[in-house]
Amino acid sequence: QVQLVESGGGLAQPGGSLRLSCAASGNILTINTMGWYRQAPGMQRELVTRITRGGSTLYADSVKGRFTISRDKNTVFLQMNSLKPEDTAVYYCNSATWSDMDYWGKGTLVTVSS
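Quick caveat: nothing in here was measured; it's all calculated off a predicted structure. (Residues numbered from 1 in each chain as written. Predicted model: local features only at pLDDT ≥ 70, side-chain atom pairs only at ≥ 80, totals over all residues. Heavy atoms only, no water.)

1. Observations concerning the packing of aromatic side chains
No. 1: Across all of its chains, the model carries one aromatic pair by this definition.
No. 2: With a centroid separation of 5.0 Å and an interplanar angle of 70 degrees, the aromatic rings of Y37 and W104 are classed as edge-to-face. One end of the pair, Y37, is in strand β4 (residues 31–39); the other, W104, is in strand β10 (residues 102–104), with 67 residues separating them in the sequence.
No. 3: W104 gets classed as partly exposed once you look at its relative accessible area, which sits at 36%.
No. 4: In this structure, R45 is placed above the aromatic ring of Y92, and the distance from its NZ or CZ to the ring centre is 3.7 Å.
No. 5: In this arrangement the basic side chain of R45 is found over the ring face of W104, its NZ or CZ atom lying 4.6 Å from the centre. (Phe/Tyr/Trp six-rings, centres within 6.5 Å; stacked < 30°, edge-to-face > 60°. Helix = DSSP H or I, 4+ residues; strand = E, 2+ residues; numbered from the N terminus. Buried < 20%, exposed > 50% of the residue type's maximum accessible area, 1.4 Å probe, protein only. Lys NZ or Arg CZ within 6 Å of the ring centre and 35° of its normal.)

Rendered as structure tokens:
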């Protein structure tokens, strides 16, 4: 079992920045990939970005050049710059194990509004 706890959500103005953190605990040696998904009201959950244990990253086109994922041991960070109103969503931390099991955090709300 892996437990994920997110922090860092909140309110930002358009063009502003926020930094999300996700700390993993439990059987962390089984984790390969960690990442962030988001779900806006009335929309499906979508991948934002992910990073493998080896450091390979993948970004959704909508956030390329604005968001940066990084990983330090069992914590993953999401630096979000140049925020737009359409970035408003609940952001979920995800971890995928070597055996393709997925674990999810409870989510943190990001609101981008003036």
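2. Section: the sheet that holds strand β3 (residues 18–26)
Either a parallel or an antiparallel arrangement is found when strands of a sheet pair, and the pairing is made through backbone hydrogen bonds.
No. 1: The strand order β1-β3-β8-β7 describes an open sheet built from four strands, whose pairing is antiparallel. Two strands close off the open sheet at either side, each with one partner strand: β1 (2–7) and β7 (67–72). Here the average twist between neighbouring strands, direction ignored, is 15 degrees.
No. 2: Bridge count between β3 and strand β8 (residues 75–80): six bridges; the pairing is antiparallel. Pairing of A23 across the sheet is with T75, part of β8. (Pairing = 2+ DSSP bridges. Axes fitted to C-alpha atoms, helices over the stretch in contact; angles between N-to-C directions.)

3. Here we look at the environment of N81
No. 1: Relative to the assigned elements, N81 resides in the loop between β8 and β9 (89–97).
No. 2: The residues contacting N81, other than those within four sequence positions of it, are G16, S17, R66 and F67. (Contact = heavy atoms within 4.5 Å.)

4. Structural notes on the pattern of salt bridges
Where charged atoms from two side chains of opposite charge approach closely, those side chains can pair.
No. 1: Scanning all chains against the criterion turns up four salt bridges.
No. 2: Across the pair E46 and R38 runs a salt bridge whose closest N-O atoms are separated by 2.8 Å.
No. 3: For E46, a relative accessible area of 37% puts it in the partly exposed group.
No. 4: Close ionic contact of R38 with D87 constitutes a salt bridge, the shortest N to O distance being 3.0 Å. Residue R38 is found in strand β4, and its partner D87 is found in the loop between β8 and β9; the two are separated by 49 residues along the sequence.
No. 5: Overlapping salt bridges bring together R38, E46, R66 and D87 as one network. (Salt bridge = Lys/Arg side-chain N within 4 Å of Asp/Glu carboxyl O.)

5. Considerations on the environment of S70
No. 1: Among the structural elements, S70 can be located in strand β7.
No. 2: Separated by 30 residues in the primary sequence, S70 and A40 have C-alpha atoms spaced 23 Å apart.
No. 3: Once residues lying within four places of it in the same chain are set aside, the contact partners of S70 are I51, T75, V76 and F77.

6. Describing the nonpolar core
No. 1: W36, M80 and Y91 are the most contacted members of the largest nonpolar core, which has 26 residues in total.
No. 2: Only β1, β3, β4, β5 (46–51), β7, β8, β9 and β11 (108–112) provide two or more residues apiece to this core.
No. 3: Per-element accounting of this core gives the leading share, four residues, to β3. (Core = buried A, V, L, I, M, F, W, Y, C linked by side-chain atoms within 4.5 Å.)

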